[in-house]
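# Close look at the chain arrangement
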Amino acid sequence: MRDHAQEGAIGQGDMREMIRALGLMSGTSMDGIDVAMIETDGERVVRSGASMTFDYSPEMRERLATGIDQARSINGRCERPGLLADIERELTELHASAVSAFLRKSCLVRSDIDVIGFHGQTVLHRPEDHLTVQIGDGALLAKLTHRPVVYDLRARDMELGGQGAPLAPVYHRALLAELAPRPAVVVNIGGVGNVTWISAQGDLIAFDTGPGNALIDDWVRAKAGRACDIGGALAAQGRVDEAAVAQFGMHPYLELSAPKSLDRNTFSLDVVAGMSIEDGAATLTAITAETIARARSLMPEAPLAWIISGGGRKNPTLMAMLQERLPGEVLSAEVAGLNGDSVEAEAWAFMAVRSLKGLPITFPGTTGVRFPASGGVLVDPASI
Ligand SMILES: Nc1ncnc2c1ncn2[C@@H]1O[C@H](COP(=O)(O)OP(=O)(O)OP(=O)(O)O)[C@@H](O)[C@H]1O
Ligand SMILES: CC(=O)N[C@H]1[C@@H]2OC[C@@H](O2)[C@@H](O)[C@@H]1O[C@H](C)C(=O)O
């Protein structure tokens, strides 16, 4: 367990009804479960509470990788081929354990939480077929935690013509309303990279940029059995193959206009085949930076600041490559006043509250949904 130890207040309290929400995120890096608590009325984040990450065991990471592999055959979002149903149950039980541990370590009790926002684990994302699958059993989680759970937040967006991702932009906007001059961009570098551009008026443009850390992780795992390129040390020792970066840049996804979104496995390691581990890491890191920099061309106005969240901000080699390529100020989330480890978990807490209130969570500019739309499925433990 990693305690993010960054408890603090965001914004000022007011008299509107405040809901204490817990967000649970298991991202495309499959490194663990992020848990974060916020207090919000669904418009403003009045208080951000504790946040922690509960790392998956190597065995669980393997199970999730197997699940993603077996999910390739899915044609309908309720299908659970092979071991997927078992993996879904195990994943849900691990989330329930993470909630218990979070409460214990934060000196909270169940009744301190009004609602849980549950992302689950994406095992398949094929927006071109209107298919996105997150495993995670909301009813089981509600039963195990005895709290109301809002889950499956991507489905309705997709039914209404959206990409089903990214969803965090509505939360990025709420955060930056208090913190940064705009236009500004939040860049999330998890397994996949994604950006949220926020205009001075609060208009949103969001999309996935390309690979985040997933290809780098896959490369160092395949070459050296390591989980990631810690501190970007391998990339720092390597030489960027500019021809390979340019070749990668011709991928059709990068030519698409926004909104657009990616599956974790859209891209492959073919581009670095045959390279040394250091050169491959350097080249993949440059590809992540370059694809994020290309996102600027889809923004109507240059941002004043690029705020980097997600695990990629802990890679100084990647951060230096971003500094070289991005026009404007490049800040890590913490410098901008955010907790870069918990933004996404907080976002799921925020969206659970907006879902309870019927407020929109996605917009034509963020996912391509036909109109601003709410989403999510609520399970009340009393009804089980
Ligand atoms: N110290 C570090 N040095 C280099 N890379 C790091 C470091 N810490 C984390 N990372 C990278 O960040 C990744 C985890 O990022 P994060 O937790 O934001 O992903 P996620 O939430 O799973 O992703 P997503 O946003 O795609 O859902 C790790 O897999 C690793 O590649
Ligand atoms: C389908 C899916 O799970 N997509 C993730 C993934 O990870 C990053 C990027 O691709 C983003 O589109 C999304 O997650 C973030 C949290 C989002 O929806 O905002």
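Quick caveat, the model's predicted, so the values are computed rather than measured. Numbers given to residues run from 1 along each chain, matching the order in which its sequence is written. To label them, take the chains in the order written and letter them from A, then take the ligands in the order written and number them from 1. Where totals are concerned, whole chains, interfaces and linings use all residues; where local detail is concerned, this predicted model gives features only for residues with pLDDT of at least 70, and gives and counts side-chain atom pairs only at 80 or more. Derived side-chain values reflect all non-hydrogen atoms in the structure, with water molecules and hydrogen atoms excluded from consideration.

## Quick word on the site of ligand 2
By convention in this text, a residue qualifies as near a molecule or strand provided that one of its non-hydrogen atoms is within 4 Å of it. Every one of the 15 residues lining ligand 2 counts as a neighbour, but Thr122, Arg154, Leu167, Ala168 and Asp208 are closest to it. Distance and chemistry together define a polar contact, namely a pair of N or O atoms within 3.5 Å, with one atom able to donate a hydrogen and the other to accept it when in protein, and with adjacent residues in sequence counting only for side-chain atoms on both sides. Here Thr122 contributes a side-chain N or O atom positioned 2.6 Å from an oxygen atom of ligand 2. Separating an oxygen atom of ligand 2 from a backbone N or O atom of Ala168 is a distance of 2.8 Å. Protein chains shield 96% of the accessible area of ligand 2, which is 430 Å² for the free molecule. Helix and strand assignments come from DSSP, with helices taken as H or I runs of at least 4 residues and strands as E runs of at least 2, each series counted from the N terminus. Mapped by element, the contributors of at least two residues to the shell around ligand 2 are β5 (115–126), β9 (192–198) and α12 (343–356). For the shell around ligand 2, the element with the most residues is β5, which contributes 3 residues. Here the nonpolar group is Ala, Val, Leu, Ile, Met, Phe, Trp, Tyr, Cys and Pro; Asp, Glu, Lys and Arg are the charged ones; every other residue, Gly included, is treated as polar. Here the shell around ligand 2 is composed, by residue class, of 7 nonpolar, 5 polar and 3 charged. Segmentation of the chain into domains, including their bounds, is taken from an automatic or database domain assignment. Each of two domains, domain 1 (2–164 + 373–383) and domain 2 (181–332), supplies a minimum of three residues to the shell around ligand 2. Residue burial considers only the protein chains on display, and all accessible areas are found by Shrake-Rupley using a 1.4 Å probe.

## What to know about the site of ligand 1
Around ligand 1 there are 22 residues in total, and Thr28, Ser29, Asp217, Gly231 and Glu344 lie nearest to it. Gly231 is positioned such that a nitrogen or oxygen atom in its backbone is 2.8 Å from a nitrogen atom of ligand 1. Its free accessible area being 660 Å², ligand 1 has 84% of it covered by the protein chains.

## Examining unusual backbone geometry
Following Arg182, the chain continues into Pro183 via a peptide bond in cis, with omega recorded as 10 degrees. Assignment of secondary structure puts Pro183 in the loop between α5 (169–179) and β8 (184–189). Cis geometry is found at the peptide bond from Ala258 to Pro259, where omega equals -5 degrees. Take Pro259: it is sitting in the loop between α9 (252–255) and α10 (277–294). Its identity is not glycine, yet His130 carries a phi of approximately 55 degrees, on the positive side. In this structure, His130 sits in the loop between β5 and β6 (131–135). Accessible area is worked out with a 1.4 Å probe on protein chains only. A residue is then buried under 20% of its type maximum, exposed over 50%, and partly exposed in between. A relative accessible area of 57% means that His130 is categorised as exposed.

## Quick look at the packing of helix α6 (residues 214–224) against α10
The relative placement of two packed helices comes down to the angle between their axes together with the axis-to-axis distance. Here α6 crosses α10 at 170 degrees, and the two axes come no closer than 9 Å. It follows from the interaxial angle that α6 and α10 lie roughly antiparallel. Residue-level contacts link Leu215, Ile216, Trp219, Val220, Lys223 and Ala224 of α6 to Ile277, Gly280, Ala281, Leu284, Thr285 and Thr288 of α10. The class makeup of the residues in the contact of α6 with α10 is 8 nonpolar, 3 polar and 1 charged. Here, axes are lines fitted to C-alpha atoms. For helices the fit covers the stretch in contact, and angles between N-to-C directions go from 0 to 180 degrees. In these notes the angle categories are as follows: under 35 degrees is roughly parallel, over 145 is roughly antiparallel, 65 to 115 is roughly perpendicular, and the rest is oblique. Here, residues are in contact when the closest pair of their heavy atoms is within 4.5 Å.

## A closer look at the UniProt feature "binding site: ATP" (unreviewed entry) in the protein
UniProt positions are given in the numbering used here, feature names are shortened, and annotations may be inferred rather than shown by experiment. In this structure's numbering, the residues bearing the UniProt feature "binding site: ATP" (unreviewed entry) are Gly27, Thr28, Ser29, Met30, Asp31, Gly32, Ile33 and Asp34. If you take the residues mentioned a moment ago, the ones lining the second largest pocket come down to Ser29 and Met30. Relative to the assigned elements, Gly27 resides in the loop between β2 (19–26) and β3 (32–40). Take Gly27: its relative accessible area is 17%, and that puts it in the buried class. Contacts of Gly27, omitting those with residues within four sequence positions, involve Gly32 and Gln121. Using protein atoms alone on a 1 Å grid, points that fit a 1.4 Å probe yet trap it form a cavity, whereas open point sets bounded by protein on both sides within 12 Å along at least five of seven lines form a pocket; residues with an atom within 4 Å of a point count as lining.

## A few points about the sheet that holds β9
In this analysis, strands are considered paired if DSSP registers two or more bridges between them. Taken in spatial order, the 5 strands of this open sheet run β10-β9-β8-β11-β12, and their pairing is mixed. Looking along the sheet, the strands with just one partner apiece sit at the ends: β10 (204–211) and β12 (329–332). Here the strands of the sheet are splayed against their neighbours by 20 degrees on average, with no regard to which way each runs. Summarising the sheet, strand β11 (residues 305–309) and β12 pair through 4 bridges and their orientation is parallel. Bridge pairing in β12 links Ala305 to Glu329. Against the sheet, α10 touches β8, β10 and β11, its axis set at about 155 degrees to β10. Against the sheet, helix α11 (residues 316–325) touches β8, β11 and β12, its axis set at about 160 degrees to β12.

## Details of the environment of Asp217
Mapped onto the fold, Asp217 is located in helix α6. Along the primary structure Asp217 and Met60 are separated by 157 residues, whereas in three dimensions their C-alpha atoms are 16 Å apart. Residues within four places of Asp217 in sequence aside, it is in contact with Arg226, Ala227 and Cys228.

## With respect to helix α2 (residues 84–105)
A helix's residues, less one, multiplied by 1.5 Å, set its expected span. Taking 1.5 Å per residue as the helical rise, α2 with its 22 residues ought to reach 32 Å, and the 31 Å between its terminal C-alpha atoms agrees with that figure. Among the residues making up α2, those that are buried are Leu84, Ile87, Glu88, Leu91, Thr92, His95, Ala96, Ala98, Val99, Ala101, Phe102 and Leu103.

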